[in-house]
Amino acid sequence: MKTVAELNDIVKQVRRDIVRMVHAVQSGHPGGSLGCAEYFTVLYQNTMSYSAVPFNMEGKNEDVFVLSNGHISPVFYSTLAHAGYFDKSELATFRKLESRLQGHPATEEGLPGIRIASGSLGQGLSVAVGIAQSKKLNKDAQNVYVLMGDGELQEGQNWEAIMYAGHNKVDNIIATVDFNKAQIDGSTTDIMGFHELNSKFESFGWDVMEMDGNDVASVTAGLEEAKQRSGNGKPVVIIMKTEMGNGVDFMMGSHKWHGIPPNDEQLASALDQNISTIGDY
Amino acid sequence: MVNTEVLEKKDTRSGFGAGLLELGRTNPEVVALCADLTGSLKMNAFEDEFPDRFFQAGIAEANMIGMAAGLATGGKIPFTGTFANFSTGRVYDQIRQSVAYSEKNVKICASHAGLTLGEDGATHQILEDIGLMKMLPNMVVINPCDYNQTKAATIAIAEHHGPCYLRFGRPKWPVFTDPNQKFEIGKAWTIQEGTDVTIFATGHLVWKAMEAANELEQQGLSVELINIHTIKPLDDAAILKSASKTGCVVTAEEHQMNGGLGDSVCQLLARNTPTPVEMVAVDDQFGESGKPEQLLDKYGLGTVDIVNAVQKVIARKNG
């Protein structure tokens, strides 16, 4: 287990990676990526048990992660690199021609750590449920983790999967909703409010937790608790409160940084706010 | 002459059910998912014998396809079952992203395709599914012609690593292929050789094409009849060779003209050896309620329509 200080060092580096990657190609999604830097770092550094090398697609006897809201690929790629799936120098190819780091995660180019394409929203939970079922058939005791955006819950397929997993007691799945209350066109409250999200999950037979997603100690404790609560007849969901753009002051608190890149000046400011810790790619 | 003495009629969906059951017994990695149509898809026997490997998805096809992609990720060989309409159009983006683009070993098995679904009408009579599925990179598309071929195809797709679409239907239909056949994906089956015209047929219309071929032979024409059970990958070599030999082609299928077998054959011929082609297919229309034979006749997919298409294309060749 990494300490809080070690985790925070990695988080700062992940933030630098995110803004540098998006700045370099002047495209990509920094806001949601920054908001989930702590979650990804804790998940891959402390929570999950896995083998990065060699990467095994089936993930037998490993914990497996599925990213449903694929547009936050920068944080995913940076995390995978720091977890040893591939060399961090490859982050420089993000969104460029011939890269394994596609705009949205994909398996076709064979990037280690990616098990399913995502980007068209609402599909990841179903995939995670399927992987979880394969683990049960294989008598594999490890868990399946999946991250979804909150705006993404507007996609109906999620509710098919939520209903299925509750009814069928798929209790080896730990879902997390990135509850940042923002989507491209504005706040989720304005666009399509969730009104008592916790009780919605509960009524479908899920075990619901909450956690602060922008504090590594809270995320570590929350994911450990989720692990304890899994295997008890209910799928587990964590409603994770985050701030879009967290760690870069001018991006915080606004949905406007969902999908636009920083300019040179903004990049410099973002990097000043997150001094390099374990080295840039 | 092809033997069109019918000994037995069976539905192709039952061929799927029988093939799936056999797979259950021979391959422990095969699992099945169904969206509340277990009886219609003839998946009951698999469910009864392998309850742990059967997943009832409820009326939630999008989630079923996603779960199948997940099960495939975990090393299983999932077979999904529902009507062709709900297997394709309803879940196209799920198939595109989670199955085809993600290269998942999912077998999408679709019953009640085409007009021969009958009385349920156009909401269920999908005639666009071959086109939808063949457009997806990585996707294999198979439309077998009878019970035995459907059973053999079901078993064969489990051996092929990658996404497959297997299309079959509801009505009881003549059984005329070898019960012990080895199904080869992408390999055309020459039912009879001839020199005046080639008929390329798929699915239920293979039987109609056999009836048509017999009529045409009685008129003194030499008909080459080839079953294209795999629309993708297409057996380019077999099609080009036969078209070069006979010099004119008729395609026959229970599908829209746009996007079906005829469309694939025409693309191939136009790029290689341009050849007169007549297409027996539905011409940009939705179906309607009725009996299968009535519908095939009304929408121009009957035996007589294939006969007429052959006469027309031969006239064009000679003209």
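In the block above lies the structure referred to throughout.
Quick notes on the rules
Residues numbered from 1 in each chain as written. Chains lettered and ligands numbered in written order. Predicted model: local features only at pLDDT ≥ 70, side-chain atom pairs only at ≥ 80, totals over all residues. Heavy atoms only, no water. Contact = heavy atoms within 4.5 Å. Buried area = accessible area lost by both parts, 1.4 Å probe. Salt bridge = Lys/Arg side-chain N within 4 Å of Asp/Glu carboxyl O. Polar contact = N/O pair within 3.5 Å; in protein donor to acceptor, adjacent residues only side chain to side chain. Helix = DSSP H or I, 4+ residues; strand = E, 2+ residues; numbered from the N terminus. Pairing = 2+ DSSP bridges. Axes fitted to C-alpha atoms, helices over the stretch in contact; angles between N-to-C directions. Buried < 20%, exposed > 50% of the residue type's maximum accessible area, 1.4 Å probe, protein only. Left-handed = near helix turned anticlockwise from the far one by under 90°. Nonpolar A, V, L, I, M, F, W, Y, C, P; charged D, E, K, R; others polar.

> Describe the interface of chain A and chain B, with residues and values.
At the interface, 28 residues of chain A touch 28 residues of chain B. The junction of chain A with chain B conceals about 2,300 Å² of combined surface from both sides, 53% of it contributed by carbon and sulfur atoms. Run the count over chain A and chain B and you get zero salt bridges. The tally of links between chain A and chain B comes to 13 residue pairs in polar contact (both at pLDDT 80 or more). Secondary structure elements with two or more residues in the side of chain A that touches chain B: α5 (124–137) and α6 (156–167) of chain A. At eight residues, the largest contribution of residues to the side of chain A that touches chain B is made by α5(A).

> How would you explain the sheet that holds strand β1 (residues 64–67) of chain A if you had to name every residue and give the values?
Residue and element names in this part refer to chain A. Within the open sheet, the five strands sit side by side as β1-β2-β3-β7-β6. Their pairing is parallel. Only two strands of the sheet have a single partner each, and these edge strands are β1 and β6 (207–212). Each strand axis lies, on average, 20 degrees off the axis of its neighbour in the sheet, ignoring direction.

> For the side chain of B:Ser102, give the residues involved together with the corresponding values.
The residue B:Ser102 is located in the loop between α5 (92–101) and β5 (107–111) in this model. Of the residues examined, B:Ser102 reaches a relative accessible area of 2% and is grouped as buried. Discounting chain neighbours no more than four positions away, the residues touching B:Ser102 are A:Thr107, A:Ile116, A:Ala117 and B:Gln97.

> Can you explain unusual backbone geometry? Please cite residues and give values.
Residues and elements named next belong to chain A. Look at the link from Val53 to Pro54: it is a cis peptide, with omega at -5 degrees. Within the secondary structure, Pro54 sits in the loop between α3 (37–47) and β1. Positive phi outside glycine occurs at His195, with the angle close to 35 degrees. Position of His195 among the secondary structure elements: in the loop between α7 (188–192) and α8 (197–203). Here His195 falls in the exposed class, since its relative accessible area comes to 66%.

> Describe the sheet that holds strand β10 (residues 197–201) of chain B, with residues and values.
All names here are of chain B. Reading across the sheet, the five strands line up as β9-β11-β10-β13-β14 and stay open at both edges, with mixed pairing between neighbours. Looking at strand neighbours, the two that pair on one side only are β9 (189–192) and β14 (277–282), the edges of this open sheet. In this sheet, neighbouring strand axes are inclined to one another by 20 degrees on average, regardless of whether the strands run parallel or antiparallel. Strand direction decides the pairing type here: strand β13 (residues 249–256) and β14, joined by five bridges, are parallel. Bridged to Val249 within β14 is Val277. On top of the sheet, helix α8 (residues 205–218) reaches β9, β10, β11 (223–227), β13 and β14; it is set at about 170 degrees to β11, its chief contact.

> How would you sum up the packing of helix α1 (residues 12–26) of chain B against helix α7 (residues 147–159) of chain B? Please name residues and give values.
All names here are of chain B. Taken N-terminus to C-terminus, the directions of α1 and α7 make an angle of 40 degrees; their axes are 7 Å apart at the nearest point. The hand of the α1/α7 crossing is right-handed. Side by side, α1 and α7 meet where Thr12, Ser14, Gly15, Phe16, Ala18, Gly19, Leu20, Glu22 and Leu23 of the first sit next to Tyr147, Thr150, Lys151, Thr154, Ile155 and Ala158 of the second. Each residue belonging to the contact of α1 with α7 can be placed in one class, and the counts come to seven nonpolar, six polar and two charged.

> So what's going on with the pairing of strand β7 (residues 164–167) of chain B? Residues and values would help.
All names here are of chain B. Residues Cys164 and Leu166 of β7 are buried on one face, and the alternating residues Tyr165 and Arg167, pointing to the opposite face, are buried as well. Strand direction decides the pairing type here: β5 and β7, joined by four bridges, are parallel. Each residue of the ladder has a partner; that of Cys109, found in β7, is Leu166. Examined bridge by bridge, strand β6 (residues 140–142) and β7 share three bridges and lie parallel to one another. Looking across to β7, one finds that Val141 is bridged to Tyr165.

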